[in-house]
Amino acid sequence: MTGFGVYVHWPYCTKLCPYCDFNIYRARDLDRAPLRRAIVADIHNHAARYGRRPADTIFLGGGTPSLLSGADIAALIGAVDDAFGLAPDAEITLEANPEDAPRFADHAAGGVNRFSIGVQALEDVALRALGRAHDAASAVAAVEAAAATGKRVSLDLIYAREGQGVEAWAAELEAALALPAEHLSLYQLTIEAGTAFDRAVRRGRLAPPDDDRAAALYEITQAVCDAAGAPAYEISNHARGPAARSRHNVLYWTGGDWIGVGPGAHGRITHGGVRLATKAHDRPENYTAAVSAGGVGYGDATPLSRDEHGEETVLMGLRLSDGLARGPAEALRGRPFDADAVAAFGEAGLLEDAAGVLRLTPPGRLLADHIAATLAQ
Ligand SMILES: C[S@@+](CC[C@H](N)C(=O)[O-])C[C@H]1O[C@@H](n2cnc3c(N)ncnc32)[C@H](O)[C@@H]1O
Ligand code: SF4
């Protein structure tokens, strides 16, 4: 177990991107106070219900939480500190859109010590295709502005975009690696059901790369990042050394506890010896109503069965380059992994089983979901 975290979901964006299926709502000139107050109350109600324990990490995600002011953020961090306590070296991450760079110094003054910036691409044509509100130069300037605050910096890129060639992506990635960021999240474009991109694919107006091209793009990603000293520590996440890893995300992948506050936020809390799954109401008005009725932002927490908990542990743990500790995972599942499946993946060069740790090989990482789902049975 790796400590305790708080995830805060701020669901508003000034513009909705055509690929995105997060719990998001378009809003301009929004009065932020009602939702901010509800989230503060939800944090306190979680502590009253599940007990006080110091938070090691806070992650302000969205949506676009960089639309919040430094004072809003200070109020949210202050609520966590009052309700739970904050570890002295707590990691406090803000997911930030490049357009909000003029507010970064204010965010840092409000208590943010790590910025995760949605660069998405460093080519203007690609940024327009992704429906982004910024160009490449302003994304670069945003990373530099975040670094100028003296806080930790991560950036997100989306690759396996329509028409993207391996050499062009390698050059774009090298440009990103030259920016002052200690961490990169590199996501292959996923066509999510119900998005504008999904409709475009079905109408034949958008053609993402096929599996072979996507695999080639994944492989060059690993090679370029390894050469630049930013190897993957998780399928999509790269860091310049262990200290640069996202402690909040590592907490998810290693089975830690966190509360999820804000509309649509998920949480996992171990309480009374049972692992509970929570999911807040998606719509801000339903979320706010639930909290103001004196409770948390959801109806009931769902107890996870031993099988469900074991399955999550395998799905998450195998994503890490450090691998999954076999003994604790088997104890949690209440049964060993299928020896034939482990051996078959091993013989195929997809999985290593050494010193009590199951670890995907580089080719195995391309099939992570399939391997994890098979082992989780
Ligand atoms: C919750 S989003 C919020 C980021 C922030 N609002 C922004 O737009 O920069 C977190 C990250 O998920 C990634 N993402 C969102 N939708 C995606 C998709 N369909 N395929 C791949 N990556 C996606 C993007 O890289 C994005 O930065
Ligand atoms: S990618 Fe970011 S800005 Fe775009 S819709 Fe999703 S959360 Fe909002």
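Residues numbered from 1 in each chain as written. Chains lettered and ligands numbered in written order. Predicted model: local features only at pLDDT ≥ 70, side-chain atom pairs only at ≥ 80, totals over all residues. Heavy atoms only, no water.

Chemist: Quick one: what's the story with the nonpolar core, residue by residue and with numbers?
Modeler: Membership of the largest hydrophobic core comes to 85 residues, with the highest contact counts inside it found for Ile-117, Leu-318 and Leu-375. Two domains each provide a minimum of three residues to this core, namely domain 1 (4-251) and domain 2 (306-375). (Core = buried A, V, L, I, M, F, W, Y, C linked by side-chain atoms within 4.5 Å. Buried < 20%, exposed > 50% of the residue type's maximum accessible area, 1.4 Å probe, protein only. Domains from an automatic or database assignment.)

Chemist: I'd love a proper account of the pattern of salt bridges, names of residues and values included.
Modeler: Within this structure, the stated rule accounts for 20 salt bridges. Among the salt bridges present, the one from Asp-89 reaches Arg-247, with a minimum N-O distance of 4.0 Å. Linking Asp-89 in strand 5 (residues 86-96) with Arg-247 in helix 9 (residues 247-253), this pair joins segments that are 158 residues apart in sequence. Judged by its relative accessible area of 52%, Asp-89 falls in the exposed class. Arg-359 serves as the salt-bridge partner of Glu-352, at 3.8 Å between the closest nitrogen and oxygen. Taking the relative accessible area as the measure of exposure, Glu-352 reaches 38% and is therefore partly exposed. (Salt bridge = Lys/Arg side-chain N within 4 Å of Asp/Glu carboxyl O. Helix = DSSP H or I, 4+ residues; strand = E, 2+ residues; numbered from the N terminus.)

Chemist: Explain the site of ligand 2 to me, using residue names and the numbers behind them.
Modeler: Neighbouring ligand 2 are the residues Cys-13, Leu-16, Cys-17, Tyr-19, Cys-20, Ile-24, Gly-63, Thr-64, Asn-97 and Arg-132. For the shell around ligand 2, a count of residues per class yields six nonpolar, three polar and one charged. (Near = heavy atom within 4 Å. Nonpolar A, V, L, I, M, F, W, Y, C, P; charged D, E, K, R; others polar.)

Chemist: Help me get a handle on the site of ligand 1, residues and values and all.
Modeler: Taken together, 17 residues are adjacent to ligand 1, and Gly-63, Asn-97, Gln-120, Arg-132 and Asp-156 come closest. Gly-63 has a polar backbone atom sitting 2.9 Å from a nitrogen atom of ligand 1. Gln-120 is positioned with one of its side-chain polar atoms (N or O) 2.7 Å from an oxygen atom of ligand 1. Taken by itself ligand 1 offers 570 Å² of open surface, and the protein chains cover 92% of this. Elements with a minimum of two residues in the shell around ligand 1: strand 6 (114-120), strand 7 (152-159) and strand 8 (183-188). Partitioned by chemical class, the residues of the shell around ligand 1 number five nonpolar, eight polar and four charged. (Polar contact = N/O pair within 3.5 Å; in protein donor to acceptor, adjacent residues only side chain to side chain. Areas by Shrake-Rupley, 256 points an atom, 1.4 Å probe, with all protein chains shown as cover.)

Chemist: Outline the sheet that holds strand 17 (residues 357-360), supporting the account with residue identities and numerical values.
Modeler: Taken in spatial order, the three strands make up an open sheet running 15-17-16, and their pairing is antiparallel. For this open sheet the edge positions go to strand 15 (324-325) and strand 16 (351-354), each flanked by a neighbour on one side alone. Sheet topology places strand 16 next to strand 17; four bridges connect them, and they run antiparallel. Of the residues in strand 17, the one forming a bridge with Asp-353 is Leu-358. (Pairing = 2+ DSSP bridges.)

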